[in-house]
Amino acid sequence: MSAQATSGAVSIRDALYETPGPKTRVKIRIGTAVSAVAVAMLLAFVVHQFWATGQLDPRYWMFFTQMSTWSYLFAGLRGTLAVALTAGAIALVLGLLLMLGRTSGIRPLAALCRVVTDFFRGVPSLLLIYFFFLVVPQYGIKMSSFWMITLPVALAASGVLAEVFRAGVNAVPRGQTEAALALGMRPFRVKLKIVLPQAIRYVIPSLISQLVVVVKDTTVAYVVSYPDMLQNARVLITNYDALVSTYLVVAVIYILLNYAINQLSVYVARRSGTRVVSRYSTNPA
């Protein structure tokens, strides 16, 4: 028996597909090679277009050799990370509370939490940002630009995280709950002491991966004039008239940041031997 079967860990590929045979592996290699050639040709075409339109002219790139440029960009990156981490922490707590309410067995509370979860999952974060930016101040509530971007992003993410937590709860074998209840434990204590710790362990990689979505949602901080990395990039574009080069550098930074978060998720999953848990459970409860 393989170590994977013994530990109960299942990769995404193994959960969704059968192990490819020899012919399929050959097709995969051919497809990979063709895709790599196509990507290389596309990159060559893009570089040629940049050269043809003068976007590779040194004046569009020389300001990146200045330390002040990078200091300004990384100041914006600190702002982006501050919003993302704060919003992620709020979303974790709120998502956990929504999941507990929805699985509480109290019908009015469960119905309310389900409506709230579906609402935050369905409403675009940009619409929530406009609500906090345009509507909330009309009621005399003064908020800084930091909270005008952080709270909407957190609320939008909380709906998704509530479903992630619920999927983890539904992944815990019911026999453990039934055994604990048979021993006389109260339902809430069973969930708190037995079910919840295992559920959180199952979904930790998904929780980390959701931070990628939170980071991407912060890119609309320009609506509230919050100085995140993209907002600072716009200032550089205005000062140096270098739209393509600036956005390209910022895009690379975002890609590296999100790649690092995804790799952290994979690392945690491998270290903990976590099995794959679907984000959205089919259990209607």
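Residues numbered from 1 in each chain as written. Predicted model: local features only at pLDDT ≥ 70, side-chain atom pairs only at ≥ 80, totals over all residues. Heavy atoms only, no water.

Considerations on the overall build of the chain
The test is simple: Secondary structure elements follow DSSP: runs of H or I no shorter than four residues count as helices, runs of E no shorter than two count as strands, and numbering proceeds from the N terminus. We call a residue buried when its accessible area falls under 20% of the maximum for its residue type, exposed when it is over 50%, and partly exposed in between, using a 1.4 Å probe and counting protein chains only. Contacts are assigned to residue pairs with any non-hydrogen atoms lying within 4.5 Å of each other. In these tables, accessible area is a Shrake-Rupley quantity obtained with a 1.4 Å probe, and a residue counts as shielded only by the protein chains included in the view.
Looking only at helices and strands, the chain has 11 helices and 0 strands in total. When the 285 residues of the chain are sorted by exposure, 34% land in the buried category. For the chain, the share of sequence-separated contacts (at least 6 apart) that also reach a separation of at least 24 residues comes to 78%. A total accessible area of about 17,000 Å² is found for the chain, and carbon and sulfur atoms account for 68% of it.

Quick notes on helix α6 (residues 125-135)
The line we're drawing: Relevant arc is that of directions from the helix axis to the C-beta atoms, nothing else.
Every buried residue belonging to α6 is among S125, L128, I129 and F132, and all of these are buried. Looking straight down α6, one finds that the buried residues subtend no more than 105 degrees of arc, so they occupy a single side. At its buried positions, α6 is contacted by α5 (107-122), α7 (145-171) and α9 (187-217).

Topic: the packing of aromatic side chains
The criterion, for reference: When the centres of two rings from Phe, Tyr and Trp lie within 6.5 Å, Trp using its six-membered ring, the rings pair. Their planes under 30 degrees apart give stacked, over 60 give edge-to-face, and anything left gives tilted.
Counted under the stated rule, the structure contains 9 aromatic pairs. Here the aromatic residues W61, F63, F64, W70, F74 and Y240 are joined through ring pairs into a cluster of three or more.

Overview of the confidence of the model for the chain
Quick note on the threshold: The pLDDT value expresses, per residue, how confident the predictor is, ranging between 0 and 100.
Summary statistics for the chain give a mean pLDDT of 84 and a share of 89% for residues scoring 70 or more. Low pLDDT, under 50, characterises residues 1-12; the predicted model gives this stretch 15 contacts beyond four residues in sequence or across chains. Throughout residues 276-285 the model reports pLDDT below 50, and contacts reaching past four residues in sequence, or to other chains, amount to 28 contacts.

Remarks on unusual backbone geometry
Non-glycine residue S225 carries a positive phi angle of around 60 degrees. With respect to the secondary-structure elements, S225 resides in the loop between α9 and α10 (229-240). Take S225: its relative accessible area is 52%, and that puts it in the exposed class. The phi dihedral of D241 is positive, around 55 degrees, even though this residue is not glycine. By the element assignment, D241 lies in the loop between α10 and α11 (243-272).

Here we look at a nonpolar patch on the surface
How we decide: To count toward a patch, a residue needs a relative accessible area above 30% and no salt bridge. Like charges then connect within 9 Å, nonpolar side chains (Val, Leu, Ile, Met, Phe, Trp, Tyr) within 5 Å. Any carboxyl oxygen of Asp or Glu within 4 Å of a side-chain nitrogen of Lys or Arg constitutes a salt bridge here.
On the surface, V26, I30 and V34 cluster together into a nonpolar patch covering about 260 Å² of accessible area. Inspection of the secondary structure puts I30 in helix α3 (residues 22-52).

Points about α10
Put simply, the test is: One fewer than the residue count of a helix, multiplied by 1.5 Å, yields its expected span.
For α10, spanning 12 residues, the distance from its first C-alpha to its last is 16 Å, which sits close to the expected 16 Å at 1.5 Å a residue. Within α10, the full set of buried residues consists of M229, L230, Q231, N232, A233, L236 and I237.

Considering the nonpolar core
Definition in use: Only buried Ala, Val, Leu, Ile, Met, Phe, Trp, Tyr and Cys residues count toward a nonpolar core, and they belong to the same one when joined by side-chain atoms within 4.5 Å.
Ranked by internal contacts, the top residues of the largest apolar core, which has 52 residues, are L73, I149, V224, Y226, M229 and V250. Going through the elements one at a time, α4 (67-102), α7, α9, α10 and α11 are the ones with two or more residues in this core. Among the elements that take part in this core, α7 stands out by supplying 12 residues, more than any other. Ranked by size, the runner-up nonpolar core spans 7 residues in total, among them L128, F132, V136 and A156.

Details of the pattern of salt bridges
Counting across every chain of the model gives 5 salt bridges. Here D57 and R59 are joined by a salt bridge, their closest N and O atoms 3.9 Å apart. A salt bridge links R121 to D118, with the nearest nitrogen and oxygen atoms 3.8 Å apart. Of this pair, R121 and D118 both sit in helix α5, 3 residues apart, which is roughly one turn of the helix. What makes D118 partly exposed here is its relative accessible area of 36%. Taken together, the shared-partner salt bridges in this structure form one network comprising R102, D118, R121, E163 and R166.

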